[in-house]
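A closer look at the structure
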Amino acid sequence: MTAPQGAAADASSILIVDDMEENLVALEAVLGSLARVVRAHSGEAALKAMLRQEFAVALIDVLMPGMNGFETAANIKGLDQTKDIPIILLTGAAVDPNYAYRGYTVGAADFLVKPFDPWLLRTKVNVFLELHRKNRQLADQAEQLTRLLAVDVPTEPAEEQHRLADVERQLAQVQCLLREREGTDGPDAAGLADRIAVLERAVGRLLEGQER
C-alpha cells in the first residue's frame, strides 16, 4: 500500500481488489498520488479490509475466482457498516453486454472496461474522494455544533455572546459545505441535512432567548 504526501492528515483511502498482482500494481501506480491505496487479492479479503477501516471508494475486478466482483459488491452493499462505500467495477475488454447492468443492480456506482484511460480513472476516483472529504467535514462540523449547543448557557453576557458567535460561525461553515456539495449523491447527504436543520433550529432558539 502507498500513501501520498500529507496522507496522515487525510483519512480518505482507496481499496483496490483484484486477484492478479500486476493489475493491482497498475491501479496503485495510477491512483497512489490521490490518496492512500489498500490492496486486496480477493472478495473475502476486501470485506475484511472494509470492516477494519473506512474507505472513500472501492475498485473491484469482476472476474475473480471464488467470490467474484458482483458477489463482492452485493456483500458490501448488504452490510450496514459498508453499504455506503461507492464501488467501481472493472472488467476486461471481452465483456458480456449484461455485465454493466448486473453491476448497477448490485449497487455499483460505475463500471469501467479495461484497458481504461488513466486520466479518466483518476478523475472518476477523485470525485468520490472529494465527496468523502466533504462528508467528513460536514460530520465533524455538525458534531462540533452539537457539543456547543449541549453546553449550559453561560451566565455572563460576554461569555454567552462569545458562545453564540462560535455556534453561528460553525453553522455558517456547515451551510457553506452543504452548498458546495449540492447536486451530489452522497449516501449520507439526507441524514446530514436533517442534522443541520435540527442545529439551525437550536441556534434560532438560543438567539431568541438572547433577545429576551
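Residues numbered from 1 in each chain as written. Predicted model: local features only at pLDDT ≥ 70, side-chain atom pairs only at ≥ 80, totals over all residues. Heavy atoms only, no water.

A look at the overall build of the protein chain
Threshold: Under the DSSP-based scheme used, a helix requires at least four consecutive residues in state H or I and a strand at least two consecutive residues in state E, with every element numbered from the N terminus. Any residue under 20% of the maximum accessible area for its type is buried, any over 50% is exposed, and the rest in between are partly exposed; the area is computed with a 1.4 Å probe on protein chains only. Contact definition: two residues touch when any of their heavy atoms are within 4.5 Å. Here the accessible surface of atoms and residues is derived via Shrake-Rupley with a 1.4 Å probe, and residues count as covered only by protein chains that are part of the display.
Helices and strands together make up the secondary structure of the protein chain, namely 7 helices and 5 strands. Going from the N terminus to the C terminus, the protein chain shows its helices and strands as β-α-β-α-β-α-β-α-β-α-α-α. Put simply, the protein chain has 212 residues, and 39% of those count as buried. Within the protein chain, contacts between residues separated by at least 24 positions form 63% of all contacts whose residues are at least 6 apart in sequence. For the protein chain, the accessible surface area stands at approximately 11,400 Å², while carbon and sulfur atoms represent 54% of it.

Thoughts on the sheet that holds strand β5 (residues 110-113)
The criterion, for reference: Note on pairing: two strands pair once DSSP finds at least 2 bridges between them. A fitted line through C-alpha atoms serves as each axis, taken over the contacting stretch for helices, and the angle formed by two N-to-C directions is quoted from 0 to 180°.
Strand order in this open sheet of 5 strands is β2-β1-β3-β4-β5, and the pairing throughout is parallel. Looking along the sheet, the strands with just one partner apiece sit at the ends: β2 (36-40) and β5. In this sheet, adjacent strand axes meet at a mean angle of 20° when their direction is disregarded. Both strand β1 (residues 13-17) and β2 contribute to a ladder of 5 bridges, which runs parallel. Paired with Val17 across the strands is Ala40, a residue of β2. Together, β1, β2 and β3 (57-61) form the strand contacts of helix α2 (residues 43-52), whose direction differs from that of β1 by roughly 165°.

Focus on the nonpolar core
What counts, and what does not: Among buried residues, the Ala, Val, Leu, Ile, Met, Phe, Trp, Tyr and Cys ones that are joined through side-chain atoms within 4.5 Å form a nonpolar core.
Formed by 23 residues in total, the largest nonpolar core has its most connected members in Leu15, Val17, Met50, Phe55, Ile60, Ile87 and Leu89. If you list the elements that add at least two residues to this core, you get β1, β2, α2, β3, α3 (69-77) and β4 (87-91). With 4 residues, the top contributor of residues to this core is α2. In this structure Leu89 touches Ile60, Val62, Gly69, Phe70, Ala73, Gly103, Ala108, Asp110, Phe111 and Leu112, once residues within four positions along its chain are discounted. Counting residues in each nonpolar core, the second largest holds 19 residues, with Leu24, Leu59, Leu112 and Phe128 among its members.

Comments concerning the packing of aromatic side chains
We count it as follows: A pair of Phe, Tyr and Trp rings is counted when the ring centres sit within 6.5 Å of each other, with Trp represented by its six-membered ring. The angle between the planes then sorts it: under 30 degrees is stacked, over 60 is edge-to-face, the rest tilted.
Counting across every chain of the model gives 1 aromatic pair. Residues Phe70 and Tyr99 carry aromatic rings whose centres are separated by 5.4 Å and whose planes lie at 75° to one another, so their mutual orientation is edge-to-face. In this pair, Phe70 sits in helix α3 while Tyr99 sits in helix α4 (residues 99-105), placing the two residues 29 residues apart along the sequence. A relative accessible area of 5% means that Phe70 is categorised as buried. Its relative accessible area of 16% is what places Tyr99 among the buried residues.

With respect to the pattern of salt bridges
As a reminder, the rule being used: The term salt bridge refers to a side-chain nitrogen of Lys or Arg lying within 4 Å of a carboxyl oxygen of Asp or Glu.
Under the criterion given, the structure shown has 7 salt bridges. As a salt-bridge pair, Arg39 and Glu21 come within 2.2 Å of each other at their nearest N and O atoms. Of this pair, Arg39 sits in strand β2 while Glu21 sits in helix α1 (residues 21-31), and the two are 18 residues apart along the sequence. Judged by its relative accessible area of 30%, Arg39 is partly exposed. Take Glu21: its relative accessible area is 34%, and that puts it in the partly exposed class. For Arg39, the salt bridge goes to Glu28, with nearest N and O atoms at 2.6 Å.

Looking at unusual backbone geometry
A cis amide bond, omega -5°, links Lys114 with the succeeding residue Pro115. Along the chain, the position of Pro115 falls in the loop between β5 and α5 (118-150).

A few points about the confidence of the model for the protein chain
As a reminder, the rule being used: For every residue, the predictor states its confidence as a pLDDT score lying anywhere from 0 to 100.
Mean pLDDT over the protein chain: 78, with 60% of residues reaching 70 or higher. Per-residue pLDDT stays below 50 along residues 5-9; that stretch engages in 0 contacts with residues further than four places along the chain or on separate chains.

Topic: the environment of Leu59
Counting through the fold element by element, Leu59 comes out in strand β3. Judged by relative accessible area, which is 0%, Leu59 ranks as buried. Here the alpha-carbon distance between Leu59 and Asp18, two residues 41 residues apart in the chain, equals 8.6 Å. Every residue in contact with Leu59, bar those within four places of it in the chain, is listed here: Ile14, Leu15, Ile16, Val17, Leu27, Leu31, Ile88, Leu90, Leu121 and Val125.

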